[in-house]
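Summary of the model geometry
Okay, here's what each chain looks like letter by letter:
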Amino acid sequence: MKELVEVIAMSLVDHPEEVVVTEKETDHAIILELKVASDDMGKVIGKQGRIAKALRTVVKAAASRGEKKVIVDIA
């Protein structure tokens, strides 16, 4: 899942070298924290959060076979 978020985020931003995804695992979920350059934050979130919602939907669909919930947190 981490690689999927990295690839999608790198294709959206102007500074792909500053994209960092960290993975934290809890008992019931996997939390993916996405960090991008401050200039690119709007591109990752999108108007009214549409791109962020679409990113979370894609990750949720890809993780549907696993037993843990995957959460994408944009920091």
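Note that the structure is predicted; figures quoted are calculated from it, not measured. (Residues numbered from 1 in each chain as written. Predicted model: local features only at pLDDT ≥ 70, side-chain atom pairs only at ≥ 80, totals over all residues. Heavy atoms only, no water.)

**Some details on the layout of surface pockets**
- Space inside the largest pocket adds up to approximately 180 Å³.
- Looking at the largest pocket, the residues that line it are Arg56, Thr57, Lys60, Ala63, Ser64, Lys68, Lys69, Val70, Ile71 and Val72.
- The element best represented in the lining of the largest pocket is strand β3 (residues 69–74), accounting for 4 residues.
- Taken together, the residues that form the lining of the largest pocket break down as 4 nonpolar, 2 polar and 4 charged. (1 Å grid on protein atoms, 1.4 Å probe; cavity = no way out; pocket = protein on both sides within 12 Å on 5 of 7 lines; lining within 4 Å. Points joined across faces, edges and corners; volume = space filled by probe spheres on them. Helix = DSSP H or I, 4+ residues; strand = E, 2+ residues; numbered from the N terminus. Nonpolar A, V, L, I, M, F, W, Y, C, P; charged D, E, K, R; others polar.)

**Quick word on the pairing of strand β2 (residues 29–35)**
- Of all 7 residues in β2, 5 are buried; the element is thus mostly enclosed.
- Pairing geometry for strand β1 (residues 20–25) and β2, over 6 bridges, is antiparallel. Bridging across to β2, Thr22 finds its partner in Glu33.
- Here β1 folds back onto β2, and the loop between the two strands holds 3 residues.
- Sheet topology note: the β2/β3 ladder contains 6 bridges and is parallel. When the sheet's bridge partners are listed, Glu33 is paired in β3 with Asp73. (Buried < 20%, exposed > 50% of the residue type's maximum accessible area, 1.4 Å probe, protein only. Pairing = 2+ DSSP bridges.)

**Side note on helix α3 (residues 50–62)**
- Look at α3: 18 Å from first C-alpha to last across 13 residues, which is about the 18 Å you get at 1.5 Å a residue.
- Listed in full, the buried residues belonging to α3 are Ala52, Leu55 and Val59. One side of α3 carries all its buried residues, which in axial view fall inside an arc of 60 degrees. Among the exposed residues of α3, those oriented more than 90 degrees off its buried face are Arg50, Lys53, Lys60 and Ala61.
- Those residues of α3 that are buried are in contact with α1 (2–12), β2, α2 (41–45) and β3. (Expected span 1.5 Å × (residues − 1). Arc of directions from axis to C-beta. Contact = heavy atoms within 4.5 Å.)

**So, unusual backbone geometry**
- We note that Gln48 has phi near 55 degrees; this positive angle belongs to a residue other than glycine.
- Inspection of the secondary structure puts Gln48 in the loop between α2 and α3.

**Considerations on the nonpolar core**
- Val5, Val19, Leu32, Leu34 and Val59 are the most contacted members of the largest nonpolar core, which has 17 residues in total.
- Of all elements in the fold, only α1, β2, α3 and β3 reach the threshold of two or more residues within this core.
- If sequence neighbours within four positions are ignored, Val5 has contacts with Val21, Leu32, Leu34, Val59 and Val72. (Core = buried A, V, L, I, M, F, W, Y, C linked by side-chain atoms within 4.5 Å.)

**Comments concerning the environment of His28**
- Inspection of the secondary structure puts His28 in the loop between β1 and β2.
- The sequence separation of His28 and Ala75 amounts to 47 residues, and the corresponding C-alpha distance is 21 Å.
- Not counting the four nearest positions on each side in its chain, His28 is found in contact with Lys68 and Lys69.

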